[in-house]
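Structural characterization, general
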Amino acid sequence: MKTNKNIFIGVIIAVAFIVIIGIAFIVKNQSGGRTVDTMLKHIKVKEKSPTKASISLDNSSLYDELPEISKYPNAVTGYGDVSIEIMTSPEKAGKDYEAWLIDVANKFNKAGKTTSGGRTIAVSVRPVSSGLAADYIISGKHTPQLFTPSNYLWGEYINANGGDVTLLNERMVGNTAGLLISKNSEYKTYDDIIAAVQAGKINIGYTNPQSSSTGMNLLISLLKDGSEDINADAAIDNFKKFQQNIPYVAYNTMQMRDSASKGNLDGMILEYQTYINEPNVNKMYDFIPFGIRHDNPLYLVGEANLPDEEVEACKIFNDYCMTNDCQSIATKYGFNAKDDYKSDREITGAEVNRALEIYKANKDNGQDIIAVFVADCSGSMSGDPINQLKQSLTNGAQYINENNMVGLVSYSTNVAIEVPIAKFDLNQRAYFQGGINSLTAGGSTASYDAIVVAMDMIRKAKAENPDAKAMIFLLSDGYQNEGYRLNDITPALKESEIPVYTISYTSDADTDAMKKLSGINEAATINADSDDIVYKIKSLFNSQM
């Protein structure tokens, strides 16, 4: 009896041990146990023979890809005998505390204002980011009668690039740009914060200066801190010392704020009006003003071509905005604060242009970039999405610096290496275009299998260039239905520290999955339909590549 009992207990222990080992094996393979090497064993990868295609060296302008202005609808539409439109930066024409210009325009339209000739005036408000609005005005693709960016740098930029704006009011509502630093930080002045970043002691995030008013302000401030002559070596060196310790430049303010909320940043840049209205931000960070003020100037657009009656209407609306009633609304929304902060720097349009050239040339501090473009060629991409994908890659290629190393992967049910990674010289660019031309849609969607293949390609390329900065661009509709899942590849991707920028090509894309993928290593997600994806992806390449 005793022997049988011991045997029974022994069997139970053995079974329990086997079960525990089995559970551990399953857990390991469902979480962090998968490596790139182990996953590659289960992925069918075809290595194609690259073929060259002709490329054009007559680079098109980014303005050529501007979407129709209908992509940015009016927040207020006014109907009068004389109708004027004001294009505004979004912090003045959004929701909640960003609704100042919406409130003012609605009140103005109800007030029955008239010109000296007795004709009624109505105003429409169109929120568009300052950099994008500048592109519309310069290109002539859409020209409102009025334009109010966050700061005057954009007015200077427009006039320096063939546009035509005339300052009507240097300050509609007051605002300031600021460095936000953790309340626990020992660094509490602008100079100390910049020096700490340059010394690698803290991490802060900032937004793309090619589209963000606050980002451009910081770029020019850094250059001017080095030397008032931004072409001087001291100016460029000061920016490079700062840039070399920046983990990434956010594609937009939302991405930067999300990263900060995760605790990945010690600080960031933001306007005071936003800062004071966001309790989760102002409780965590102190606000340190910097650079020129963001006083939301107002410009007439193409004044010489405007009818006298429209110019008069614009001036009447400007006067209305400056009334005590309208300014009280602005103050309620967080504007007109920090008026004790002054800046006596005067920046010209030529300096803005040069600053952006310096940024493009030095944002990577001479560090090479290794990038793999991963193109979704599944059946759901048939028709317009695959055509837009190919067009955006073709047009975006001109914004990739020649020192970068680039490869191309496609996928549907299986994965194909269309173009191996190589330096993006004319030869590689011809191969890259050949790979783009060959893309066709059909089959299932093995998105994460393709990411694994791209990670492996980058890993091998970095073995020969260990200091290179790596990134992946996934161009897809986001719906995975074949192969590995996001949870399967997350541990390996997190360990690789490779950011994955995701670009969706359909309006009903699986944006949650795309955002989760990009969020693993702090990259941007662009969600756009075919009307404006080409412009957005070219803007992304211009800033990141």
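Here we summarise the structure given alongside this text. (Residues numbered from 1 in each chain as written. Predicted model: local features only at pLDDT ≥ 70, side-chain atom pairs only at ≥ 80, totals over all residues. Heavy atoms only, no water.)

**Regarding the pairing of strand S10 (residues 285-293)**
Put simply, side chains in a regular strand alternate between the two faces of the sheet. A large share of S10 lies buried, amounting to seven of its nine residues. Across six bridges, the pairing between strand S6 (residues 176-182) and S10 is antiparallel. Opposite Ser182, over in S10, you have Tyr285 as the bridge partner. (Buried < 20%, exposed > 50% of the residue type's maximum accessible area, 1.4 Å probe, protein only. Helix = DSSP H or I, 4+ residues; strand = E, 2+ residues; numbered from the N terminus. Pairing = 2+ DSSP bridges.)

**What about the packing of aromatic side chains?**
Scanning all chains against the criterion turns up 15 aromatic pairs. Arranged with centres 5.8 Å apart and planes meeting at 40 degrees, the rings of Tyr272 and Tyr275 form a pair that is tilted. Taken together, the positions of Tyr272 and Tyr275, both in helix H10 (residues 272-277) and three residues apart, correspond to about one turn of that helix. Between Phe373 and Phe432, the aromatic rings sit 5.6 Å apart at their centres with planes inclined by 65 degrees, giving edge-to-face as the arrangement. Here Phe373, found in strand S12 (residues 369-376), pairs with Phe432, found in helix H16 (residues 426-437); they are 59 residues apart in sequence, far enough to count as distant. The exposure class assigned to Phe373 is buried, which follows from its relative accessible area of 0%. (Phe/Tyr/Trp six-rings, centres within 6.5 Å; stacked < 30°, edge-to-face > 60°.)

**A look at the sheet that holds strand S15 (residues 469-476)**
If you trace the seven strands from one edge of the open sheet to the other, you get S1-S14-S13-S12-S15-S16-S17, paired in mixed fashion. Looking along the sheet, the strands with just one partner apiece sit at the ends: strand S1 (45-47) and strand S17 (525-527). Neighbour to neighbour, the strand axes of the sheet diverge by 20 degrees on average, direction disregarded. Here S12 pairs with strand S13 (residues 405-411) via seven bridges, running parallel. Bridging from a neighbouring strand, Val374 pairs with Val409 of S13. (Axes fitted to C-alpha atoms, helices over the stretch in contact; angles between N-to-C directions.)

So far we have only geometry, and geometry alone does not tell us how the molecule works.
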